[in-house]
Amino acid sequence: MTLSHDISGSGPTLVLVHGIVHRRQAWDSLVDQLTPYRRVVTVDLPGHGESLLPELGPDVMGQLIDDVSEFVKEVTPAGERAHVAGNSLGGWIALSLAARGDVASATALSPAGFFVNHLDQVRAINTFRALRGTAKLMGDGLPRALRYKLIRYPALAAFFAHPSHVGYAAALADCRSLVSNELVDLGLEMDFVLPPIVDPTVPVTVAWGRRDLILPVYQAQRVKKPFPQAKLMVLPGLGHVPMTDAPELISSILLAGSEPFGSRAKSVSAAG
């Protein structure tokens, strides 16, 4: 499956997968810091950005993993296994590909799928629905409303610890996607069941923003059960979408997580 994407840089291939309602531009703030060292592929998930939503079968999440796995193979040079990193839903996809042994490594930023119980998932669902309802209420006035920082910053605060880092155009695109994206309701209520672990030697890194209001950091305690090999870190002062909050830190984490030949020696500063 060919999805809308951009490729830049040189080195080992690193595919970056955004979260639900976002687009490949979610990674723009750090791509330039990665391209001297990695061949970076940013992709729009099906039904997001410029990628069309295919006809969906009963297993939406399984279909999504298969589509991204196929895409990764398409954009990876022959004889190479790509590294993959993702945020939120994209983080869960990255970990699913690692569980299947489809990638050389996986780095997940505040990944979905680690709810501590059903009520925890319901809380996340209701948070998204409340945000979606608020955006819908603005209707045709949304573009004008978001021009005011007193409205735009609170509207983004659930996703970003530092909403001031998000420009008007990006905020408007994200809010419009929150309103119109067909996968929001489907994806939120699906079971985030990881595939069986087929290769526990695949390097896995999971980084979680301590100020994540969408998927709170307490969910990180569940990562080690399916991924005992995971390097787990908590990022003080960062939110659910940390790429915009701290581009330099997140790019260093992505580079360390995708070190070739299994090397994990690159240091990651400011992560606790």
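All residue numbers refer to position in the chain's written sequence, counted from 1. Thresholds applied to this predicted model are a pLDDT of at least 70 for local features of residues and 80 or more for the giving and counting of side-chain atom pairs; totals over whole chains, interfaces and linings are not thresholded and use all residues. The basis for every side-chain value is the complete set of non-hydrogen atoms in the structure, without hydrogens or water.

- You'll find the protein chain entered in an unreviewed UniProt entry as Alpha/beta fold hydrolase, with Rhodococcus baikonurensis given as the organism.

1. Here we look at the sheet that holds strand S3 (residues 39–43)
Here is step 1 of the chain: Two strands pair under a simple rule: DSSP has to find at least two bridges between them. Going along the chain from the N terminus, every DSSP run of H or I of four or more residues is numbered as a helix, and every run of E of two or more is numbered as a strand. With mixed pairing, seven strands are arranged side by side in an open sheet as S1-S3-S2-S4-S5-S6-S7. With partners counted over all chains shown, the strands left at the sheet margins are strand S1 (5–8) and strand S7 (231–235), one partner each. Averaged over all pairs of adjacent strands, the angle between their axes in this sheet comes to 15 degrees, without regard to strand direction.
Here is step 2 of the chain: Relative to strand S6 (residues 204–209), strand S5 (residues 105–109) runs parallel, the two sharing four bridges. Residue pairing across strands places leucine 109 opposite alanine 207, the latter belonging to S6.
Here is step 3 of the chain: Every residue pair with non-hydrogen atoms within 4.5 Å of one another is taken to be in contact. Only the stretch in contact is used when a helix axis is fitted, and all axes are lines through C-alpha atoms; the angle between N-to-C directions ranges over 0 to 180 degrees. Against the sheet, helix H10 (residues 247–257) makes contact with strand S2 (13–17), strand S4 (83–87), S5, S6 and S7, and its axis sits at roughly 155 degrees relative to S5, the strand it touches most.

2. As for the pairing of S3
Here is step 1 of the chain: With respect to burial, S3 is a largely interior element, five of its five residues being buried.
Here is step 2 of the chain: Neither face of S3 is open: one carries Arg39, Val41 and Val43, the other Val40 and Thr42, and all of them are buried.
Here is step 3 of the chain: The sheet contact formed by S1 and S3 spans four bridges and is antiparallel. Across the sheet, the residue bridging to histidine 5 is valine 43, located in S3.
Here is step 4 of the chain: In this sheet, S3 lies alongside S2 in parallel orientation, the contact comprising five bridges. By the bridge assignment for S3, valine 15 is matched with valine 41.
Here is step 5 of the chain: Here is how to tell: hold the view so the strands point away, follow the path from the first strand over the helix to the second, and if it runs clockwise the crossover is right-handed. Taking the sense of rotation as the criterion, the β-α-β connection linking S2, helix H1 (residues 28–34) and S3 turns out right-handed. Residue exposure (1.4 Å probe, protein chains only): buried if accessible area is under 20% of the type maximum, exposed if over 50%, otherwise partly exposed.

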